[in-house]
Each structure stands twice: as structure tokens, then as C-alpha cells.
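Structure assessment
Spelled out from the first residue to the last, the chains are:
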Amino acid sequence: MAKNRYAYFPGCVTLNSAREVQDAMLALARALDIELVPLNGAACCGAGVIKQANWELQIALNARTFAQAEAEGLDVLTPCASCQGNMSEDFGKLTDDADLRERVNEQLESICGLRFEGTMKMRHLLHVLVEDIGLDVVAAAVKNPIDFPVAGYYGSVMQQDGSCGDDDIYDPHYFEDLIEALGGEPVHYDSKAKSVGFPSLLSEESSALKMTASVLSDAKSEGARVMASACPLSHINLDAYQVKAGRVSGSDVEMPAIHLPELVAFALGAYKDRYAQLKTRVLVMGN
């Protein structure tokens, strides 16, 4: 049995449109002796959208996920900053409001025989790697050093009190510390925790694209050759909508955008072909 065991909550994007995140998560877990225990049947976290129509439904869904993890005696691990922030917010409301917790527990007990007691923690992969695994262990496992400047993108959603472990919610540094442990050069830029406007992309596309362009151009102006995102949802803006963001804003945003788990998996020796392709893109885009 692995020393580090977590109830694994991949998030909807990881299991659907961003399967590369799932591939990378499984690879880095093997390399670092992490056991990802499935949360079978766990529902979407709501991404902050469900609560706009039915907040108690969203919080009940997340309470069920928490209760599933508690039944295994495990903390929840997710590679998605949006899931982390959204679920941490609901976790805080449940633990702070006894009446709400009891109402939700009545529903959980009647439907699935579970109760939420608040004994687990909601963790993002970034915080687990730094605090639980340790950067010294990560550095010792590196086989393909990330030998180019990388901008780590945290996103805004998990940057809230209680969601970031011991990192500074106003001026985080865990991502930069991790990039250094992987052999890379961390790029320091002001927009690393600013929103790129997801899911406003669906209703206010122009504004979201300008926000996306602002993050990318800021990182690029500070010397970044690659952006690695801690949020698969934000990555949709940073990658798939990158060209459109450049057109709308008129700024230089062209840069490979990958996922945090991919960066780690590549550095630990997984998916060498993908890593070679990434380095080729860095060279081509840098010229």
C-alpha cells in the first residue's frame, strides 16, 4: 500500500475533454508512490454554476463526495483548481453552519446512508506535492529536467483562505517552488492568480478573451516560454481560445499552454514523445 493515499476527484474536464490530465495523474502517482483511491459515482462539484440555480443541491452533492472520502478515512485530492476552490468553499460552509450540515446530512442518510462530519481535507495536487510528498522527493525523481522558463498559472478560484495549505493566498509561491524542483526556471508575473474569465466565456466572450490575453501576454513579457495551468477549466481559455484571445486583444499571446500534471509527469520521465514535442514547440515559438 502506498504511503500517500488520497480519495481521487479528477473533475469533469479531466475525465472528458482533457484526458491528458488523467494520463499524467496516473503516471506521476506511480512515480511518486501516490495511491489514488477512486470515488466511485462522485458527482460534479458544480463549478460554481449549479449553485446559481440551486445552491443547496450543489452543497449536498459536494457533501456526498466528502462523506465518501471520510468513509475511507482519506483526504480528497483533485488536479483542478476550480474544483478545489469550489469544494473548499462548500466544505467551509458545511463545517461552519451546524444547521445546514444537519439538513444536508438528513438528505445524505436517507439517500445513500452517509454522513459528513468534516474530518477530511480538500487538497489540490500542487499542495500535496509541496507539503505531503516534499520538493526534495520530487526533485530526486526528476529524469527530464524542465530546462526552459515556465509560468505557473494558479487561477483565482483556489486562492482563498483555507484552500491553499500553507501557501500565501495573496502572493503564492508553491508553483514556482515546484518548477524549480523540476529543473525549470519559474517566471514571476503579476497575473498568475488572476481570472481568465471561465465560465464567463459562455456569456461574455469578449471580456473573457481579453482577461485570458492579459494573463498570457503578461507571462510572455516576463520571459515565459510555456504556461502550465493548475486548472483544466482555465486551460480551455489559455489553450483552445489562445488565438482568438490574441485577435480580440491585439496582444502577443502565442505560447504553449499545458497542464500542471503534464509538467510533473514529463519531468519524471513519462510520455517522452510528448515532452519532445513540447520542447520542439518551445523552440519554434521562441524564434
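Only a predicted model underlies this, so the values are computations on that prediction, with no experimental measurement involved.

**Here's the deal with the environment of V264**
As for its placement among the helices and strands, V264 is situated in helix α11 (residues 260-267). Among the residues examined, V264 registers a relative accessible area of 0% and is labelled buried. The spatial distance from the C-alpha of V264 to the C-alpha of L182 is 7.2 Å, given a sequence separation of 82 residues. Residues in contact with V264, not counting those within four places in the same chain, are L28, L129, L178 and L182.

**Points about the state of the cysteines**
What the rule picks out here adds up to 0 disulfides. The closest cysteine sulfur to the non-disulfide-bonded C12 is located on C44, 3.6 Å from its own sulfur. Using a relative accessible area of 39% as the deciding quantity, one classes C12 as partly exposed.

**Re the environment of D96**
Mapped onto the elements, D96 comes out in helix α4 (residues 81-96). With a relative accessible area of 68%, D96 lands in the exposed category. Placed 22 residues apart in sequence, D96 and G118 show a C-alpha to C-alpha distance of 9.8 Å.

**What to know about the layout of surface pockets**
Estimates place the volume of the largest pocket at around 330 Å³. What lines the largest pocket is a set of 22 residues, and nearest its centre among them are A47, S82, V157, F198 and P199. Secondary-structure elements contributing two or more residues to the lining of the largest pocket are α4 and α9 (232-240). If you tally residues by element for the lining of the largest pocket, the top one is α4, at 4 residues. The volume enclosed by the second largest pocket comes to roughly 280 Å³. In terms of lining, the second largest pocket is formed by 15 residues, of which the most central are K121, M122, R123, G162 and S163. Within the residue set of the lining of the second largest pocket, elements represented by two or more residues are α4, β4 (122-124) and α6 (125-140).

**Quick look at the sheet that holds β4**
Sheet strands pair by backbone hydrogen bonding; their relative direction is either parallel or antiparallel. The 4 strands are arranged β2-β1-β3-β4 in an open sheet whose pairing can be described as parallel. Two strands close off the open sheet at either side, each with one partner strand: β2 (34-38) and β4. Between one strand axis and the next, the sheet turns through 45° on average, direction left out of account. One ladder, built from 2 bridges, connects strand β1 (residues 4-8) with strand β3 (residues 76-78); its direction is parallel. Within β3, the position partnered with A7 by the bridge is V76. The sheet contacts of helix α2 (residues 19-31) involve β1, β2 and β3, and relative to β2 the element is tilted by about 135°.

How each quantity is defined
Residues numbered from 1 in each chain as written. Predicted model: local features only at pLDDT ≥ 70, side-chain atom pairs only at ≥ 80, totals over all residues. Heavy atoms only, no water. Helix = DSSP H or I, 4+ residues; strand = E, 2+ residues; numbered from the N terminus. Buried < 20%, exposed > 50% of the residue type's maximum accessible area, 1.4 Å probe, protein only. Contact = heavy atoms within 4.5 Å. Disulfide = S-S within 2.5 Å. 1 Å grid on protein atoms, 1.4 Å probe; cavity = no way out; pocket = protein on both sides within 12 Å on 5 of 7 lines; lining within 4 Å. Points joined across faces, edges and corners; volume = space filled by probe spheres on them. Pairing = 2+ DSSP bridges. Axes fitted to C-alpha atoms, helices over the stretch in contact; angles between N-to-C directions.

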